[in-house]
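Report on the structure
What follows is each chain in one-letter form.
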Amino acid sequence: MLSQFIPEGGHRALCDFGFDFPKDVYPVGRLDHDSEGLLLITNDNKLKNHLLDPKFKQPKTYWAQVEGEITDEALRVLKKGVEIKHKGKVHKTAPCDGKLLGEIDLPERDPPIRYRKSIPTSWVELTITEGKNRQVRKMTAAVGFPTLRLIRVSIGDLTSQLLENAEIRTFGQKEIYGILNFRS
């Protein structure tokens, strides 16, 4: 699903949830149609700016299922920052937190990821403070482990564990500011 309100290129969009979103809301930290996970939608421009502006270095945590058994060396390189292409230029990503995860019990993805019998997969957790287009996918590919499945599990202290799969939840300003430790 695209994290926008108007369908495009045959992909579903937020309007397909059947939820009556207010007209003045905006998705914070968009996800591409191949990615899953937490998406915050708000009409609070101060909060949106605080979460998106790189100067605030808001952490976003992702689980990435990568092709192959990721190595300690690849994780070390990811944590230091890697060079990726962004808008036609080479960009060195900021240092991030990363760790190898065990198997994760998740519902199957629709459509399913590609599996190869002879190539194992592994899961890594990366917490970044930037938000370049397809950044995590580009980072894992740069160290030789392409991302097969990508799930955002948190934005700051807001975690997907607060929600059920495909749940839309409305937060009051005081509640969301408290979760995100934000003061306007």
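So, here is what we can say about the structure in this document.

Basis of the calculations
- Numbering of residues starts from 1 in every chain and runs along the sequence as written.
- Note on the predicted model: pLDDT of at least 70 is required for a residue's local features to be given, and 80 or more for side-chain atom pairs to be given and counted; whole-chain, interface and lining totals, by contrast, use all residues.
- Note: side-chain values were computed over all heavy atoms of the structure, leaving out hydrogens and water.
- Each helix is a run of DSSP H or I of at least 4 residues and each strand a run of E of at least 2, with the numbering of both proceeding from the N terminus.
- In this setup the radius of gyration rests on C-alpha atoms only. A globule is expected at 2.2 Å times the number of residues raised to 0.38.
- Exposure classes here rest on a 1.4 Å probe applied to the protein chains alone. A residue is buried below 20% of its type maximum, exposed above 50%, and partly exposed in between.
- In this description, contact between two residues means that some pair of their heavy atoms is separated by no more than 4.5 Å.
- Here the Shrake-Rupley method, with its probe set to 1.4 Å, supplies the accessible areas, and only the displayed protein chains count as covering residues.
- When charges are tallied, Lys and Arg are placed among the positive residues and Asp and Glu among the negative ones, while His and the ends of the chain are skipped.
- We put the charge of a Lys on NZ, of an Arg on CZ, of an Asp on CG and of a Glu on CD.
- Joining through side-chain atoms within 4.5 Å is the link that ties buried Ala, Val, Leu, Ile, Met, Phe, Trp, Tyr and Cys residues into a set, and such a set is a nonpolar core.
- The salt bridge definition used is simple: a Lys or Arg side-chain nitrogen within 4 Å of an Asp or Glu carboxyl oxygen.
- Distance and chemistry together define a polar contact, namely a pair of N or O atoms within 3.5 Å, with one atom able to donate a hydrogen and the other to accept it when in protein, and with adjacent residues in sequence counting only for side-chain atoms on both sides.

Regarding the overall build of the protein chain
Each helix and strand counted, the protein chain has 4 helices and 10 strands in total. The order of helices and strands in the protein chain, counted from the N terminus, is β-β-β-α-β-α-β-β-β-β-α-β-β-α. A globule of 184 residues ought to have a C-alpha radius of gyration of about 16 Å, and the protein chain, at 17 Å, matches this closely. In the protein chain, which comprises 184 residues, the share counted as buried stands at 41%. Counting only contacts in the protein chain whose residues sit at least 6 apart along the sequence, the fraction spanning at least 24 positions is 65%. Total accessible area on the protein chain stands at roughly 11,100 Å², and carbon and sulfur atoms take up 50% of it. Side-chain charges of the protein chain comprise 29 positive and 25 negative groups, with the mean position of each set lying 7 Å from the other.

What about the nonpolar core?
Ranked by internal contacts, the top residues of the largest apolar core, which has 19 residues, are Ile70, Leu78, Val136 and Met139. Ignoring sequence-local partners within four residues, the contact set of Leu78 consists of Ile70, Cys96, Leu126, Met139, Thr140 and Val143. Counting residues in each nonpolar core, the second largest holds 12 residues, with Leu38, Leu51, Tyr177 and Phe182 among its members.

Some words on the side chain of Glu130
For Glu130, the location among the structural elements is in the loop between strand S8 (121–128) and helix H3 (135–142). One buried charged residue, Glu130, remains without a salt bridge, the closest side chain of opposite sign being Lys132 at 4.7 Å. Within the local environment of Glu130, its side chain forms a polar contact with the side chain of His91, the two groups lying 2.8 Å apart. Here the side chain of Glu130 touches Gln135 through a polar contact of 3.1 Å, side chain to side chain. Residue contacts for Glu130: discarding those within four places in its chain leaves Lys60, His91, Lys92, Thr93, Ala94 and Gln135.

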